[in-house]
Amino acid sequence: MSLNTSLCYIEKDNHYLMLHRVKKINDYNKDKWIGIGGKFEETESPFECVTREVLEETGLKITNCEYRGIVTFVSYEKESPVFTEYMHLFWTDSFEGCIENNDSCDEGILEWVPKDKMNDLPHWKGDEIFLDLLDKKVPFFSLKLVYNSGNLIEAILNDKIIYTSC
């Protein structure tokens, strides 16, 4: 089974707008802090998806964003089929509007988090890798993150293994 999603890291004053996933029942990302995004609708391009998702979840209108990479998540869970997600990763500091109510998102709480505090929050281990790539402004990249029962077991950046759990 596979899924296409978009994820955007919106930056302002050295902070990222993050979504603390605390509202949905049976949420695979429950209690984690993630960027803004979601699933593709039929016929959407990555840009259309990320623009729509950011507007729906935050009320902000992206005026310009950079397509930074594609992250392939592979998840192995006990007694479940393998799941693959292709996440199209974006970054922007160019948007219009403001977040009037941090509770308006039905998936969680929105909060501006200092970039240097990101790894202190509950998150997926592989997020540290692509957040570092975003921060270093690495040109478009392909990152594969392999998880087993929620634990990162391998990371492959542009076809080179950069992390393996032992």
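Reading the values: rules and limits
- Residues numbered from 1 in each chain as written.
- Predicted model: local features only at pLDDT ≥ 70, side-chain atom pairs only at ≥ 80, totals over all residues.
- Heavy atoms only, no water.
- Phe/Tyr/Trp six-rings, centres within 6.5 Å; stacked < 30°, edge-to-face > 60°.
- Helix = DSSP H or I, 4+ residues; strand = E, 2+ residues; numbered from the N terminus.
- Buried < 20%, exposed > 50% of the residue type's maximum accessible area, 1.4 Å probe, protein only.
- Polar contact = N/O pair within 3.5 Å; in protein donor to acceptor, adjacent residues only side chain to side chain.
- Contact = heavy atoms within 4.5 Å.
- Salt bridge = Lys/Arg side-chain N within 4 Å of Asp/Glu carboxyl O.
- Pairing = 2+ DSSP bridges.
- Core = buried A, V, L, I, M, F, W, Y, C linked by side-chain atoms within 4.5 Å.

Draft legend 1. Region of interest: the packing of aromatic side chains. A full pass over the atoms with the stated rule returns nine aromatic pairs. Taking the centre distance of 5.3 Å and the plane angle of 70° together, the rings of Tyr9 and Tyr16 count as edge-to-face. Centre to centre, the rings of Tyr67 and Phe140 are 5.1 Å apart; their planes meet at 85°, and the pair counts as edge-to-face. One end of the pair, Tyr67, is in strand 5 (residues 61-76); the other, Phe140, is in the loop between helix 2 (127-135) and strand 8 (141-148), with 73 residues separating them in the sequence.

Draft legend 2. Main features of the side chain of Glu85. With respect to the helices, strands and loops of the structure, Glu85 is situated in strand 6 (residues 83-96). A residue is classified by how much of its surface remains accessible, and Glu85, at 18% relative accessible area, is buried. Here the side chain of Glu85 touches Thr5 through a polar contact of 2.6 Å, side chain to side chain. Not counting the four nearest positions on each side in its chain, Glu85 is found in contact with Leu3, Thr5, Val71, Thr72 and Phe73.

Draft legend 3. Representation of unusual backbone geometry in the model. Notably, Lys137 is not glycine yet its phi reads approximately 55°, a positive angle. Note that Lys137 resides in the loop between helix 2 and strand 8. Judged by its relative accessible area of 54%, Lys137 falls in the exposed class. Even without being glycine, Asn158 reaches a positive phi, approximately 50°. Exposure remark for Asn158: the relative accessible area of 42% places this residue in the partly exposed category.

Draft legend 4. Representation of the pattern of salt bridges. Summed over all chains, the structure comprises nine salt bridges. Residue Arg52 pairs with Glu44 through a salt bridge whose shortest N-O separation is 2.6 Å. A salt bridge links Glu66 to Arg68; the shortest N-O distance between them is 2.8 Å. Residue classification places Glu66 among the partly exposed residues on the basis of a relative accessible area of 35%. If you follow the salt bridges from partner to partner, you end up with Glu41, Glu44, Arg52, Glu53 and Glu56 in one network.

Draft legend 5. Region of interest: the environment of Leu157. Looking at the element boundaries, Leu157 is found in strand 9 (residues 151-157). What Leu157 contacts, discounting residues up to four positions off in sequence, is Leu133, Phe141, Ser142, Leu143 and Ile162.

Draft legend 6. Summary view of the pairing of strand 8. Pairing geometry for strand 5 and strand 8, over eight bridges, is parallel. Across the sheet, residue Ile70 finds its bridge partner in strand 8, namely Ser142. In textbook terms, the turn of a hairpin is the stretch between consecutive antiparallel strands, and for strand 8 and strand 9 this stretch comprises two residues, one of which, Ser149, has a positive phi near 50°.

Draft legend 7. Representation of the nonpolar core. Of all hydrophobic cores here, the largest spans 25 residues; its most connected members are Tyr9, Val71, Leu89, Phe130 and Leu145. Taken together, the elements giving at least two residues each to this core come down to strand 1 (2-12), strand 2 (15-20), strand 5, strand 6, helix 2, strand 8 and strand 9. If you tally residues by element for this core, the top one is helix 2, at five residues. Sequence-distant contacts of Phe130, that is, excluding residues within four places in its chain, are made with Leu7, Tyr9, Val71, Phe73, Met87, Leu89, Phe141, Leu143 and Leu145. Grouped together as the second largest cluster of nonpolar side chains are 14 residues, Cys8, Val50, Ile99 and Leu110 included.

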